[in-house]
Amino acid sequence: MAFFKNKLFKLVIAIVLLFAMVLPLASCDLLFDLLRMAEDPEEESYEIPEGTAEFHFIDIGQGDSILIMVDGKAILIDTGVSAEKENLDAYLDSCGVTELEYFIATHPDSDHIGAAAHVVENYKINNIILSPKEHTTKTYEKFITAIETKIDNGEILEENVSLADGDLIGSSVYVGELEMKILGPVDPDEFSKSDNNNPSVVIMARWGNNKVLLTGDAEKEAELQLVEEYGNQLKCDVLKVGHHGSHSSTHPADPDDGIVYGFLHYVQPTMAVISCGEGNDYGHPHKETMDELAEYEVEVLRTDLLGSIVLVSDGTNITQKAN
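Residues numbered from 1 in each chain as written. Predicted model: local features only at pLDDT ≥ 70, side-chain atom pairs only at ≥ 80, totals over all residues. Heavy atoms only, no water.

Novice: Lay out the packing of aromatic side chains with the relevant residues and their values.
Specialist: In this structure the tally under the stated criterion is two aromatic pairs. Centre to centre, the rings of Tyr 261 and Tyr 266 are 6.3 Å apart; their planes meet at 85°, and the pair counts as edge-to-face. By relative accessible area, which is 42% here, Tyr 261 ends up partly exposed. (Phe/Tyr/Trp six-rings, centres within 6.5 Å; stacked < 30°, edge-to-face > 60°. Buried < 20%, exposed > 50% of the residue type's maximum accessible area, 1.4 Å probe, protein only.)

Novice: Can you tell me about the nonpolar core, naming the residues and giving the values?
Specialist: Ile 75 and Leu 311 are the most contacted members of the largest nonpolar core, which has 55 residues in total. It is strand β11 (residues 202-207) that provides the largest number of residues to this core, a total of five residues. Ignoring anything within four residues of it in the chain, the contact list for Ile 75 reads Ile 66, Leu 67, Ile 68, Val 70, Tyr 102, Ile 104, Val 175, Leu 178 and Met 180. Residues Ile 48, Leu 76, Ala 117 and Ile 156 belong to the second largest nonpolar core, which totals 31 residues. (Core = buried A, V, L, I, M, F, W, Y, C linked by side-chain atoms within 4.5 Å. Helix = DSSP H or I, 4+ residues; strand = E, 2+ residues; numbered from the N terminus. Contact = heavy atoms within 4.5 Å.)

Novice: Hey, could you go over the sheet that holds strand β17 (residues 318-320) for me, with residue numbers and the actual values?
Specialist: The strand order across the open sheet formed by eight strands is β8-β7-β5-β3-β2-β1-β16-β17, and the pairing between neighbours is mixed. Of all the strands in the sheet, the pair left with one neighbour each is β8 (161-163) and β17. Recorded for the sheet is a direction-independent mean angle of 15° between the axes of neighbouring strands. Where strand β16 (residues 309-313) lies against β17, three bridges are found, and the strand directions are antiparallel. (Pairing = 2+ DSSP bridges. Axes fitted to C-alpha atoms, helices over the stretch in contact; angles between N-to-C directions.)

Novice: For the sheet that holds strand β13 (residues 238-240), give the residues involved together with the corresponding values.
Specialist: Spatial strand order, β9-β10-β11-β12-β13-β14-β15: seven strands in an open sheet with mixed pairing. Whereas interior strands pair on both sides, the edge strands pair on one side only; in this sheet they are β9 (172-175) and β15 (299-302). On average, each strand axis in the sheet is inclined to that of its neighbour by 20°, with strand direction left out of account. Pairing of strand β12 (residues 210-214) with β13 involves three bridges; the strand directions are parallel. Bridging from a neighbouring strand, Val 212 pairs with Val 238 of β13.

Novice: Run through a negative patch on the surface, naming residues and quoting values.
Specialist: A surface patch of negative charge is lined by Glu 148, Asp 152, Glu 158 and Glu 159. Note on placement: Glu 158 falls in the loop between α6 (138-152) and β8. Relative accessible area serves as the criterion here: at 56%, Glu 158 is assigned to the exposed category. (Patch = residues over 30% accessible without salt bridge, like charges linked within 9 Å, V, L, I, M, F, W, Y side chains within 5 Å. Areas by Shrake-Rupley, 256 points an atom, 1.4 Å probe, with all protein chains shown as cover. Salt bridge = Lys/Arg side-chain N within 4 Å of Asp/Glu carboxyl O. Lys, Arg positive; Asp, Glu negative; His and termini not counted. Charge placed at Lys NZ, Arg CZ, Asp CG, Glu CD.)

Novice: I'd like to hear about the environment of Lys 124, residue by residue, with values.
Specialist: If you trace the backbone, Lys 124 turns up in strand β6 (residues 124-125). In this structure, the C-alpha to C-alpha distance between Lys 124 and Val 97, residues 27 residues apart in sequence, is 9.8 Å. If we ignore the near neighbours within four places in the chain, the residues touching Lys 124 are Thr 98, Glu 99 and Leu 100. Engagement of the side chain of Lys 124 in a polar contact is seen with the side chain of Asn 126, the distance being 3.5 Å. (Polar contact = N/O pair within 3.5 Å; in protein donor to acceptor, adjacent residues only side chain to side chain.)

Novice: How would you sum up the pattern of salt bridges? Please name residues and give values.
Specialist: The full count for this structure, using the stated rule, is seven salt bridges. The partner of Glu 54 in a salt bridge is Lys 321, and the shortest N-O contact between them spans 3.0 Å. Here Glu 54 is found in strand β1 (residues 53-57), whereas its partner Lys 321 is found in the segment after β17, with 267 residues between them in sequence. Notably, a salt bridge pairs Arg 302 with Asp 304, separated by 2.7 Å at the nearest N-O pair. Like Arg 302, the residue Asp 304 is buried in the burial classification.

Novice: Explain the side chain of His 112 residue by residue, including any values.
Specialist: Mapped onto the elements, His 112 comes out in helix α4 (residues 110-113). Here the side chain of His 112 touches Asp 78 through a polar contact of 2.7 Å, side chain to side chain. There is a polar contact of 3.4 Å between the side chain of His 112 and the side chain of His 244. Those residues in contact with His 112, other than ones at most four positions away along the chain, are Asp 64, Asp 78, Thr 79, Gly 80, Thr 106, His 107, Gly 216, Asp 217 and His 244.

By themselves, these observations are geometric and do not establish any function.
This is the structure we're talking about:
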């Protein structure tokens, strides 16, 4: 790019000198415009190497927002709170994202869908997947209204808006060569009506031989369902730790409660990502979770310490991209 800029600058200088000889001084503004073009060429678009997938765990404070980029397409999972919508827009813009192949809302808590209505209203979206858990908050109702408006305006097909239940559980959707298997919620009817976390949409994203398990805010009860349903199929390279690292998720073994093995026994990640806000009021991540991850020798990456985290998969290895 530097070579291109140098040649462009030399070319523009030559044009400027030619204009200076043949045009009157009234043309100075044009000459200065040409010089500015040489100094500030258009920025290159965001591209990822062919054959790779990127997993962006966006730093949006105390909440979740995950961007997956592959084959020139983008998937967004959750948005964080409403107050972070400008930061989310800026991040998506920096990645050149104007269209989402999938938008997935894992569950109706505001730290996951706070900016969901904004995303639906301002981005072209081809498919939407929602948790089957409904809510009565204005944030949730605004989100649903935005989807309904998009359907009514013909901007998205109604059949492309799905709840993560029934036949969708255990099945896969694809974006290019990226597989997203919808693992949960396995049986949301077992959870209390006031429980928003356990009915989270749980996804196993697979790129080549690499797997990334994205658990929303799924807690112990949902994790036990996942273990019973899938067992060692939960094994992955990267775990997005449930519920921001709360001790209510990533449950340990508890023989007294009949739990012989903890969640990490089945998942066995080499790397874990925790999305939480710096100095958050909940004390996330909790010591119990960090101790459990340490016992399994899992490398932990935290957005409150590192900012946005980007992991790159070539189908064989997953590495952290330098900021």
